[in-house]
Amino acid sequence: MNYISYIERTKAFYAAQGFDLPYQWSQYDDVPFSPMSKRLSDACIGIVTTAYRDQTTPMMARQAEAVPTEDAPTNFLNDDLSWDKETTHMADRRSYFPLEYLKLGVKSGLIGSLSSRFYFAPTQYSQRLTIEHDAPAIVRFAQEDTLDGVVLVPI
Amino acid sequence: MAGIATVVVGAAWDIVNRCQVPRFVYNDLPLGNPIGKPWDIAMQSHTMDRALAMLVDAKTPTAEAMPHRFSSDDRWKTTYMAVTDENRAELRERGEENRRQRLLDKAAGLKRK
C-alpha cells in the first residue's frame, strides 16, 4: 500500500517554517479494547468529529462539545483546519460526517438508534489538553447519552 | 463500568497506527474525506458498512485498509504539505507569522489552561 507518510511530511513542512522541535505523535503499546455489548440493531450509535461549526471561536480556545444532532450544519466550517485543500473539497459532509448513513441505518433497522447529540473533538497541538480535558469530556457525553458504539471520524 | 465500543474511520494510516486504536477503517483518500469521495455515496456507504461490521465483529484491536482510490493515478499524493523551491521562502514567512500570532493570542488570553 502506497499511503502518504503524514508524520514524515509534517515534520519536513514545519521544519521548513522554522519550527525546530518536531511534533511528538501519540504512541501507545496497549490498546484498551471494549467489545460491543449489544447487537447493532439494538445499539445507540454516536459520531465524534473534528469538523467544527463555528469559526468565531479561535482554534486554540475550542473545547469538546456535545451538539444536538438536529443542529448539525449542512456545511461545517473547516477552512482553518488541516486537510488537503488542493486536491479535494468538503462540500459533501457525508464524506466526513456519516449522519445520513446512520439515519438510513436506523430507518432500515440495521442500527437501533442514533444519539440525540454528536460530539466535537478539537484538534489540539497539546496532547495534555486532549488527554486531560477533551477526551474525558467526550466519554462523559457518551455515558450521559448511553451510547453503545461510537464512530470517530478525524478529518 | 464497561467501556464503549469505538471505531475510527480515517485517512492517515501512519498516525492512527502509531497511536493505535481499538478499531480502524482506513481509506487511502485525501485528508478531508476519510469516509469516501465527495458525492460518491456508494464508496461512503461501503466504508461505513465496514466500520459498523468491525464495531460489532472485532474481538481484538483491528486495522483494515479499504480498496478505494481517489483517482486512477496517485499524483494527488505529491502536493499535500510539499516543500519545494517555489514555496520555501513563503513557508519560512508563514512560520514567522505563526509565531507572531501565537504571541498575540497568548497576550490576549486565548490560551487554554
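None of these values were measured; they are calculated from a predicted model.

Bringing the environment of A:Thr56 into the picture now. All names here are of chain A. In this structure, Thr56 sits in the loop between β1 (44–49) and β2 (65–68). Under the relative-accessibility criterion, Thr56 is labelled exposed at 69%. Considered as a pair, Thr56 and Lys103 are 47 residues apart in the sequence and their alpha carbons are 29 Å apart.

For residues other than glycine, phi is negative in most cases, and the peptide bonds are mostly trans. Residue and element names in this part refer to chain B. In this model, Gln20 sits at a positive phi of 75°, which is unusual for a non-glycine residue. As for its position among the elements, Gln20 is in the loop between α1 (13–19) and β2 (23–26). Look at Trp39: it is not a glycine, yet its phi comes out positive at around 70°. What makes Trp39 exposed here is its relative accessible area of 52%.

Further remarks concern the interface of chain B and chain A. When the parts of a complex come together, some accessible area is lost, and that lost area is often used as the size of the interface. If you look at the interface, chain B gives 67 residues, while chain A gives 70 residues. Contact between chain B and chain A buries roughly 6200 Å² in total, counting both sides, with carbon and sulfur atoms accounting for 64%. Taken together, the connections running from chain B to chain A amount to zero salt bridges. Summed over the shared surface of chain B and chain A, the result is 27 residue pairs in polar contact (both at pLDDT 80 or more). Broken down by secondary-structure element, the contributors of at least two residues to the side of chain B that touches chain A are β1 (5–10), α1, β2, α2 (41–57) and α3 (88–107) of chain B. Within the side of chain B that touches chain A, the residues separate by chemical class into 37 nonpolar, 13 polar and 17 charged. In the sheet, strand β5 (residues 149–153) of chain A pairs with β1(B) via four bridges, with the strands oriented parallel. Of the residues in β1(B), the one forming a bridge with A:Leu152 is B:Val8.

So, about the side chain of A:Ser34. Mapped onto the secondary structure, A:Ser34 falls in the loop between α1 (6–15) and β1. Overall, the relative accessible area of 15% leaves A:Ser34 in the buried class. Excluding its chain neighbours within four sequence positions, the residues that come into contact with A:Ser34 are B:Gly3, B:Ile4, B:Ala5 and B:Arg23.

A few words now on the nonpolar core. Across soluble globular proteins, nonpolar side chains show a tendency to be buried alongside one another. Residues A:Ile45, A:Phe97, A:Leu102, A:Val151 and B:Leu52 are the most contacted members of the largest nonpolar core, which totals 48 residues. Elements represented by at least two residues in this core include exactly α1, β1, α2 (99–108) and β5 of chain A together with β1 and α2 of chain B. Residue contacts for A:Val151: discarding those within four places in its chain leaves A:Ile45, A:Gly46, A:Ile47, A:Val48, B:Val7, B:Val9, B:Met48 and B:Leu52. Counting 11 residues, the second-largest nonpolar core is a separate cluster that includes A:Val48, A:Tyr119, A:Ala121 and A:Val150.

Scoring rules and cut-offs
- Residues numbered from 1 in each chain as written.
- Chains lettered and ligands numbered in written order.
- Predicted model: local features only at pLDDT ≥ 70, side-chain atom pairs only at ≥ 80, totals over all residues.
- Heavy atoms only, no water.
- Helix = DSSP H or I, 4+ residues; strand = E, 2+ residues; numbered from the N terminus.
- Buried < 20%, exposed > 50% of the residue type's maximum accessible area, 1.4 Å probe, protein only.
- Contact = heavy atoms within 4.5 Å.
- Buried area = accessible area lost by both parts, 1.4 Å probe.
- Salt bridge = Lys/Arg side-chain N within 4 Å of Asp/Glu carboxyl O.
- Polar contact = N/O pair within 3.5 Å; in protein donor to acceptor, adjacent residues only side chain to side chain.
- Nonpolar A, V, L, I, M, F, W, Y, C, P; charged D, E, K, R; others polar.
- Pairing = 2+ DSSP bridges.
- Core = buried A, V, L, I, M, F, W, Y, C linked by side-chain atoms within 4.5 Å.

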